[in-house]
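Chain by chain, the residues run as shown.
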Amino acid sequence: MSVLEIVRKVADLRARTAQFRAAHATIGLVPTMGALHDGHLTLARSAKLDNVRVIATLFVNPKQFSPTEDLAAYPRDEAADAAALERVGVDLLFAPDVAEMYPENFSTSVAVSGLTQTLCGAVRPHFFGGVATVVTKLLLQALPDRAYFGEKDFQQLQVIRRLVRDLNIPTAIVGVPTIREADGLAMSSRNAYLSPAQRRIAGALPQILQETVAELRTGAPAAPVLAAAKSRLHKSGFDRIDYLELCDEQSLQPIPVARPPARLFAAAFIGKTRLIDNWPVI
Ligand code: PAF
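All of the points below concern the structure found in this document. Numbering of residues starts from 1 in each chain and follows the order in which that chain's sequence is written. Only residues with pLDDT of 70 or above have their local features reported here, since the model is predicted, and side-chain atom pairs are shown and tallied only from 80 upward, although totals for entire chains, interfaces and linings are computed over all residues. Excluded from the side-chain calculation are hydrogens and water; included are all heavy atoms of the structure.

### Here's the deal with helix H1 (residues 10-22)
Rules: In this description a helix means any DSSP run of H or I spanning at least four residues, a strand means any run of E spanning at least two, and both kinds are numbered starting from the N terminus. To estimate the expected span of a helix, subtract one from its residue number and multiply by 1.5 Å. Three exposure classes are used, based on accessible area relative to the maximum for each residue type with a 1.4 Å probe and protein chains only: buried under 20%, partly exposed in between, and exposed over 50%. The directions considered for the arc run from the helix axis to the C-beta atoms. Should any heavy atoms of two residues lie within 4.5 Å, those residues are considered in contact.
Taking 1.5 Å of rise per residue, 13 residues should cover 18 Å, and H1 covers 18 Å from first to last C-alpha, within 8% of that figure. Buried within H1 we find Val 10, Leu 13, Thr 17 and Phe 20. For H1, the arc enclosing every buried residue in end-on projection is 80°, short of the 170-degree limit, so these residues lie on one face. Among the exposed residues of H1, those oriented more than 90 degrees off its buried face are Ala 11 and Ala 22. As for H1, its buried residues are in contact with strand S1 (5-7), strand S2 (27-32), strand S3 (53-58), strand S4 (92-94), helix H4 (98-101) and helix H6 (127-142).

### A few points about the sheet that holds S4
The criterion, for reference: Here, strands pair whenever DSSP counts at least two bridges between them. For helices, the fitted axis covers only the stretch in contact; all axes are lines through C-alpha atoms, and the angles between them, taken along N-to-C directions, range from 0 to 180 degrees.
Reading across the sheet, the 6 strands line up as S1-S4-S3-S2-S5-S6 and stay open at both edges, with parallel pairing between neighbours. Of all strands in the sheet, those with a lone pairing partner are S1 and strand S6 (172-176), marking the two edges. Taking each pair of neighbouring strands and ignoring which way they run, the sheet shows an average axis angle of 25°. In this sheet, S3 lies alongside S2 in parallel orientation, the contact comprising 6 bridges. Across the sheet, residue Thr 32 finds its bridge partner in S3, namely Leu 58.

### Considering the sheet that holds strand S8 (residues 262-270)
One open sheet accounts for 3 strands, arranged S7-S8-S9; its pairing is antiparallel. At either end of the open sheet lies a strand with only one pairing partner, and these are strand S7 (240-248) and strand S9 (273-280). Across the sheet, the mean angle from the axis of one strand to that of its neighbour is 10°, orientation sign disregarded. Examined bridge by bridge, S7 and S8 share 8 bridges and lie antiparallel to one another. Across the sheet, residue Asp 248 finds its bridge partner in S8, namely Ala 262. Lying over the sheet, helix H9 (residues 204-217) contacts S7, S8 and S9, oriented at roughly 30° with respect to S9.

### Quick word on the site of the ligand
The line we're drawing: Put simply, a residue is near a molecule or strand once any heavy atom of it comes within 4 Å of that molecule or strand. Counting of polar contacts relies on pairs of N or O atoms within 3.5 Å, with two restrictions inside protein: one atom must be capable of donating a hydrogen and the other of accepting it, and residues adjacent in sequence are counted only when both atoms are side-chain atoms. Computed with the Shrake-Rupley method and a 1.4 Å probe, the accessible areas treat only the protein chains shown as cover for residues. Charged residues are taken to be Asp, Glu, Lys and Arg, nonpolar residues to be Ala, Val, Leu, Ile, Met, Phe, Trp, Tyr, Cys and Pro, and polar residues to be all remaining types, Gly included.
Pro 31, Thr 32, Met 33, Gln 64, Val 131, Val 134, Val 135, Phe 149 and Gln 156 make up every residue found near the ligand. Between Gln 64 and the ligand, the recorded distance is 2.7 Å, taken from a side-chain N or O atom to an oxygen atom. Its free accessible area being 290 Å², the ligand has 89% of it covered by the protein chains. Secondary-structure elements contributing two or more residues to the shell around the ligand are S2 and H6. Of the residues forming the shell around the ligand, the biggest block, 3 residues, is contributed by H6. Here the shell around the ligand is built from residues that sort into 6 nonpolar, 3 polar and no charged.

### Comments concerning the nonpolar core
Condition: The definition of a nonpolar core used throughout is a set of buried Ala, Val, Leu, Ile, Met, Phe, Trp, Tyr and Cys residues joined through side-chain atoms within 4.5 Å.
Among the nonpolar cores identified, the biggest contains 43 residues, and Leu 139 and Ile 173 are the most heavily contacted of them. Counting residues per element, this core draws most heavily on H6, which supplies 9 residues. Leaving out residues up to four positions away in the same chain, Leu 139 has contacts with Leu 29, Pro 144, Ala 147, Val 164, Ile 169, Thr 171 and Ile 173. Leu 185, Leu 205, Ile 208 and Trp 279 belong to the second-largest nonpolar core, a separate cluster that totals 29 residues.

### With respect to unusual backbone geometry
For the peptide bond that leads from Pro 260 to Pro 261, omega is -5°, which places it in the cis range. Of note, Pro 261 is situated in the loop between S7 and S8. Even without a glycine there, the phi angle at Ala 35 is positive, about 50°. Structurally, the position occupied by Ala 35 is in the loop between S2 and helix H2 (38-50). Residues other than glycine seldom take positive phi values, yet Asn 168 does so here, at roughly 55°.

### Things to note about the packing of H1 against H6
Formally: What sets the label is the angle itself: under 35 degrees gives roughly parallel, over 145 gives roughly antiparallel, 65 to 115 gives roughly perpendicular, and the rest give oblique.
Relative to each other, H1 and H6 sit at 50°, their axes nearing to 8 Å. One way to sum up the angle between H1 and H6 is to call them oblique. Touching Val 10, Leu 13, Arg 14, Thr 17 and Arg 21 of H1 are Leu 140, Gln 141 and Ala 142, all from H6. In the contact of H1 with H6, the residues fall into 4 nonpolar, 2 polar and 2 charged.

Here's what the structure looks like:
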């Protein structure tokens, strides 16, 4: 088994990627904020299958947290993350500090309009600007052939696809299907915040979404189906629903009746923990 090398400076990352490219190795990039679970490791495994070299990044990006969201409390365990990445055969970990990514007088941001104004963007207006800026930087720093993102964050995936297309970044964006726990709950670093009782409630989300998808597939009008699903989520113990919407998965705009390519999107709170999920409809 290879030993995972860790670099913290962009110059060192560039030196290693130049060596990989000189050896004609294709490069897959797996950007993460750490607190790795099997969903992240599946991204790394997919990258291993498609590329000769795999680079993971670990950076808890302050620009995608609002002042009211607790950046300081975000789970961090670099040693455990590095060990997990090494086990799946990742070659290099880029783990910069904040000053390396955002040096003094950092003044540039990447804004993707339209796609970022619905769903999570409507309730977390700071979020996609932070994601778009850091992902653009990571792609330009590593210039990978392919970069891997989970479909659990489907809106994020579409935003990244759009920015890569619009800015002519020469990286193929690969979306990887959501990895789920035995009861269907999408794997997420945030699941660790749930108490055992909250974790039991969380299992209702994928179950209700799947049943809602089945109803939407019959061609039923979305509004009453979604209203009934929201009421079931509340009855199951969810405290607040940010959104439950049937959308066109390309434009991310709500649609009144399912038609291809339709996807169901949800974000809901149990206590202070916000869970998101999505399922393809047709
Ligand atoms: O999905 C995440 O973990 C983050 O949003 C990402 C893509 C690593 C950017 O910080």
